[in-house]
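Understanding the architecture of this molecule
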Amino acid sequence: MAVAQSNIQNPKFKIQNPKFSLPWGITIGYLTIMLLLPVTALLLQASQVGLSEFWRIATSPIALSAYNVTFTTALFAAAVNGGFGLLIAWVLVRYDFPLKRLMDAAIDLPFALPTAVAGLTLANVYSENGWIGSLLAPFGIKIAFTRLGVLVAMLFISLPFIVRALQPVLQEMEHDIEEAAWSLGASRFQTFWQVIFPPLFPALLTGIALGFSRAVGEYGSIVIVASNIPFKDLIASVLIFQRLEQYDYAGATVIGTVLLLISLLMLLAINLLQAWGKRYQ
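Now for a look at the structure at hand.

How each quantity is defined
Residues numbered from 1 in each chain as written. Predicted model: local features only at pLDDT ≥ 70, side-chain atom pairs only at ≥ 80, totals over all residues. Heavy atoms only, no water. Helix = DSSP H or I, 4+ residues; strand = E, 2+ residues; numbered from the N terminus. Rg over C-alpha atoms; globule rule 2.2 N^0.38 Å. Buried < 20%, exposed > 50% of the residue type's maximum accessible area, 1.4 Å probe, protein only. Contact = heavy atoms within 4.5 Å. Areas by Shrake-Rupley, 256 points an atom, 1.4 Å probe, with all protein chains shown as cover. Phe/Tyr/Trp six-rings, centres within 6.5 Å; stacked < 30°, edge-to-face > 60°. Expected span 1.5 Å × (residues − 1). Bend = angle between axes of the 7 residues up to and from the residue. Salt bridge = Lys/Arg side-chain N within 4 Å of Asp/Glu carboxyl O. Core = buried A, V, L, I, M, F, W, Y, C linked by side-chain atoms within 4.5 Å. Patch = residues over 30% accessible without salt bridge, like charges linked within 9 Å, V, L, I, M, F, W, Y side chains within 5 Å. Axes fitted to C-alpha atoms, helices over the stretch in contact; angles between N-to-C directions. Parallel < 35°, antiparallel > 145°, perpendicular 65-115°, else oblique. Left-handed = near helix turned anticlockwise from the far one by under 90°. Nonpolar A, V, L, I, M, F, W, Y, C, P; charged D, E, K, R; others polar.

**Describing the overall build of the chain**
- Each helix and strand counted, the chain has 14 helices and zero strands in total.
- By the compact-globule yardstick of 19 Å for 281 residues, the chain is too spread out, its C-alpha radius of gyration being 24 Å.
- In terms of overall dimensions, the chain has a C-alpha envelope of 70 × 55 × 30 Å along the principal axes.
- Taken over 281 residues, the chain has a buried fraction of 36%.
- Taking the intrachain contacts of the chain between residues at least 6 apart in sequence as the baseline, contacts between residues at least 24 apart amount to 73%.
- Accessible surface, the chain: about 17,100 Å² in total, of which carbon and sulfur atoms supply 69%.

Here you go:
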C-alpha cells in the first residue's frame, strides 16, 4: 500500500498537462473547425444587421408565431414523453416478455431513421386516408398537415432520449431498498414515490430537456407532416428555410441566431441537471 502511494506521489506517475500534447491540439483544432467557426460566422453575420433591425426581425409577428408553435409544442411533447418514457423504461427494465429485445431496439428507430422518411411515414399513417387518420376523420379530428401533426412528429423523434436517460438509472437501482421499504409497511405507491422516484427525477428531467432540445431543432419530418402555414403550424426551422428560399439571408440569420442562443441556454440547463443528478450516484 505504501509503495502504491509513493508511486502516485512520484512525479513520473502524474498525468501530464495536455496543453502541449498532440491529442489535445487535435481536439481543439477539430472542435474549432466543426463548432466554433460555424457558430462565430453565424453570430458575425447577425451582428451586421444592426441591433434595431435584428430586434425587428426577431420579434416580427410571423417569427413570434413560429417561436410559439416550436417551443410550446416541443415542451408539450417532451412532457408527454416524460410520462410515457418513464413507463416504457420501467417495463423494459423490470419485466421479461416475448420480443423484449425487439421492442428495446425499436426505441432507437428515430435515431437511425432519416427524418424525411419519418415525416413521410407519419403523413401516410395520420392523413385522412391513413390507418389512424381515417379512424379519426369521422370525428372531425385531423392530424396530418396541422399543428397536431407537428406534435406527433416531435413525440416520435424525442421519445428515445427519455427512455435511454432513465434505463441506466433503473438498472443500477438496488431491489433491497424497495424490499426494506415494504418490510417497514410502505405501500407500492409510497415506495415508488419516496424511494424510487427521487433518484429517477434528475435523469427524467435530463431526458425531458434532451427531448425538448431535439424537438426544437427538428425539420425533416415536420416539413412533410405539417402544412407549414404561417400563424398555424409553421415552426422556426421551416421559417428559416423559407427565408432562404426567398433570398432573405438577413432574416434567416437573425432567426437562426435566436434559436442558437436559446439552444445554448438549454444546453446549460441540461449540464446543470446532470450535475445535480450526481448527488444520487
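Now that the structure has been shown, we can carry on.
**Quick notes on the packing of aromatic side chains**
- Under the definition given, this model contains nine aromatic pairs.
- Considering the side-chain rings of Phe111 and Phe161, the 5.1 Å spacing of their centres and the 85 degrees angle between planes classify their relative orientation as edge-to-face. One end of the pair, Phe111, is in helix α6 (residues 109-112); the other, Phe161, is in helix α9 (residues 147-172), with 50 residues separating them in the sequence.
- The class for Phe111 is partly exposed, based on a relative accessible area of 44%.
- Consider the rings of Phe192 and Phe197, whose centres lie 6.0 Å apart with planes at 45 degrees: the pair is tilted.
- Ring pairing ties together the aromatic residues Trp90, Phe189, Phe192, Trp193, Phe197 and Phe201, which thus form one cluster.

**With respect to the environment of Ile196**
- By the element assignment, Ile196 lies in helix α11 (residues 188-216).
- Other than its neighbours up to four places away in sequence, Ile196 contacts Trp90, Met173, Glu178 and Thr191.

**So, helix α4 (residues 61-94)**
- Compared with an ideal rise of 1.5 Å per residue, which puts 34 residues at 50 Å, α4 spans 49 Å between its outermost C-alpha atoms and is within 8% of the ideal.
- The largest bend along α4 measures about 25 degrees and falls at Gly82.

**A closer look at the pattern of salt bridges**
- On inspection of all chains with the given rule, the structure shows six salt bridges.
- The partner of Glu53 in a salt bridge is Arg56, and the shortest N-O contact between them spans 2.5 Å. Of the two residues, Glu53 and Arg56 both sit in helix α3 (residues 51-58), three residues apart, roughly one turn of that helix.
- Of the residues examined, Arg56 reaches a relative accessible area of 49% and is grouped as partly exposed.
- One salt bridge in this structure joins Arg164 and Asp108, with 2.9 Å as the shortest N-O distance. One end of the pair, Arg164, is in helix α9; the other, Asp108, is in the loop between α5 (100-106) and α6, with 56 residues separating them in the sequence.
- Take Arg164: its relative accessible area is 24%, and that puts it in the partly exposed class.
- Given the relative accessible area of 30%, Asp108 is considered partly exposed.
- One continuous salt-bridge network, built from bridges that share partners, spans Asp104, Asp108 and Arg164.

**A word on the nonpolar core**
- With 41 residues, the main nonpolar core has Tyr67, Met154, Phe212 and Ile222 as its most contacted residues.
- Elements with a minimum of two residues in this core: α3, α4, α7 (115-126), α9, α11, α12 (222-225), α13 (236-245) and α14 (249-277).
- Ranked by residues supplied to this core, first place goes to α4 with eight residues.
- Once residues within four sequence positions are removed from consideration, Met154 is found in contact with Thr70, Thr73, Ala74, Ala77, Asn81, Ala215 and Ile222.
- Ala89, Leu92, Val163 and Met173 belong to the second largest nonpolar core, which has 15 residues in total.

**Considerations on unusual backbone geometry**
- Even without being a glycine, Phe145 presents a positive backbone phi close to 65 degrees.
- Relative to the helices and strands, Phe145 is located in the loop between α8 (133-136) and α9.
- One non-glycine residue, Tyr247, lies in the positive phi region at around 60 degrees.
- Along the chain, Tyr247 turns up in the loop between α13 and α14.

**A look at a nonpolar patch on the surface**
- Together, Tyr30, Leu31, Ile33, Met34, Leu35 and Leu37 make up an exposed nonpolar region whose accessible area comes to about 640 Å².
- Within the secondary structure, Leu31 is located in helix α2 (residues 22-47).
- According to the relative accessible area criterion, Leu31 is partly exposed, its value standing at 40%.

**A word on the packing of helix α10 (residues 175-183) against α11**
- Interaxial distance between α10 and α11 falls to 10 Å at its minimum, and their mutual angle equals 130 degrees. As judged from the angle between their axes, α10 and α11 are oblique. Every pair of crossing elements has a handedness; the one defined by α10 and α11 is right-handed. On α11, the residues that touch Ile177, Glu178, Ala181 and Trp182 of α10 are Arg188, Thr191, Val195 and Ile196.
- Here the residues of the contact of α10 with α11 sort into five nonpolar, one polar and two charged.

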